[in-house]
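Per-entry structural report
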Amino acid sequence: MRIFFSRQFIVFILTGGFAAAVNFGSRFFYNTFVAFPMAVTLAYLTGMVTAFILAKLFVFQSSSHSTAKSAALFAMVNVFAFAQTWVVSMVLAYHLLPAMGIHEFDKAIASAVGIAIPVFTSFIAHKYITFREVAS
């Protein structure tokens, strides 16, 4: 639990927040060309690339893995995170929010909540798997 009160987690939240904003904003752009489910997918990939670059530069600089191995592990961890994001976004957009009578900004709300879900699980996985630190 202590790791969630560390400087590293705070920087992860800040860089991840920026990547999430890229994800969120790019969904609107993609949605002008493709349907909502594909827009969520493309936006997630855009955010994921942004998150990897920022995490490598600012959060996990002392990784024991090569950049290529970290990128592959990052993608694998994010497959699970994407599943969380996609399911939450779809359930909210097409089921829960309409059932609650929310139709204005429904897809924006669904995207935002879906993006926020995997923050804690992703940090732990990236810290101990993706960017495992060099033993001191």
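All residue numbers refer to positions counted from 1 along the written sequence of the respective chain. Note on the predicted model: pLDDT of at least 70 is required for a residue's local features to be given, and 80 or more for side-chain atom pairs to be given and counted; whole-chain, interface and lining totals, by contrast, use all residues. Just so you know, side-chain values use all the structure's heavy atoms and leave hydrogens and water out.

Moving on, we get to a nonpolar patch on the surface. Taken together, Trp-86, Val-87, Val-91, Leu-96 and Met-100 make up a surface patch of nonpolar side chains, about 450 Å² in accessible area. Within the secondary structure, Val-87 sits in helix α3 (residues 67-99). A relative accessible area of 46% places Val-87 in the partly exposed class. Every patch collects residues that have over 30% relative accessible area and no salt bridge, joining them within 9 Å if they carry like charges and within 5 Å if they are nonpolar side chains (Val, Leu, Ile, Met, Phe, Trp, Tyr). Here the Shrake-Rupley method, with its probe set to 1.4 Å, supplies the accessible areas, and only the displayed protein chains count as covering residues. Salt bridge, as applied in this entry: a Lys or Arg side-chain nitrogen positioned within 4 Å of an Asp or Glu carboxyl oxygen. Starting at the N terminus, helices and strands are each numbered in turn, a helix being any DSSP run of H or I of at least four residues and a strand any DSSP run of E of at least two. Any residue under 20% of the maximum accessible area for its type is buried, any over 50% is exposed, and the rest in between are partly exposed; the area is computed with a 1.4 Å probe on protein chains only.

Its 33 residues place the ends of α3 45 Å apart at the C-alpha level, agreeing with the 48 Å of an ideal helix rising 1.5 Å per residue. The angle separating two fitted axes, one through the seven residues that finish at a residue and one through the seven that start at it, defines the bend at that residue. Of all bends in α3, the biggest is about 50°, found at Leu-92. Just past α3, the residue Gly-101 takes up positive phi, approximately 80°. To estimate the expected span of a helix, subtract one from its residue number and multiply by 1.5 Å.

Turning our eyes to something else, we now look at the packing of aromatic side chains. Ring pairs shown here join Phe, Tyr and Trp side chains whose ring centres sit within 6.5 Å, with only the six-membered ring taken for Trp; geometry is labelled stacked below 30 degrees between planes, edge-to-face above 60, and tilted in between. Per the counting criterion, the structure on display carries 18 aromatic pairs. With a centroid separation of 6.3 Å and 25° between ring planes, the pair formed by Phe-9 and Phe-12 is classed as stacked. Residue Phe-9 and its partner Phe-12 are both found in helix α1 (residues 7-31); the two are separated by three residues, about one turn of the helix. Each member of the pair, Phe-9 as well as Phe-12, carries the same accessibility label: buried. Between Phe-52 and Phe-131, the ring centres sit 5.8 Å apart and the planes meet at 25°, which makes this aromatic pair stacked. Within this pair, whereas Phe-52 is found in helix α2 (residues 36-59), its partner Phe-131 is found in the segment after α5 (119-130), the two being separated by 79 residues in sequence. The buried category is assigned to Phe-52, whose relative accessible area is 13%. In this structure Phe-131 comes out as buried when scored by relative accessible area, which is 0%. Taken together, Phe-4, Phe-9, Phe-12, Phe-52, Phe-60, Phe-74, Phe-120, Phe-123 and Phe-131 form an aromatic cluster joined through their ring pairs.

That is the geometry; function is a separate question.
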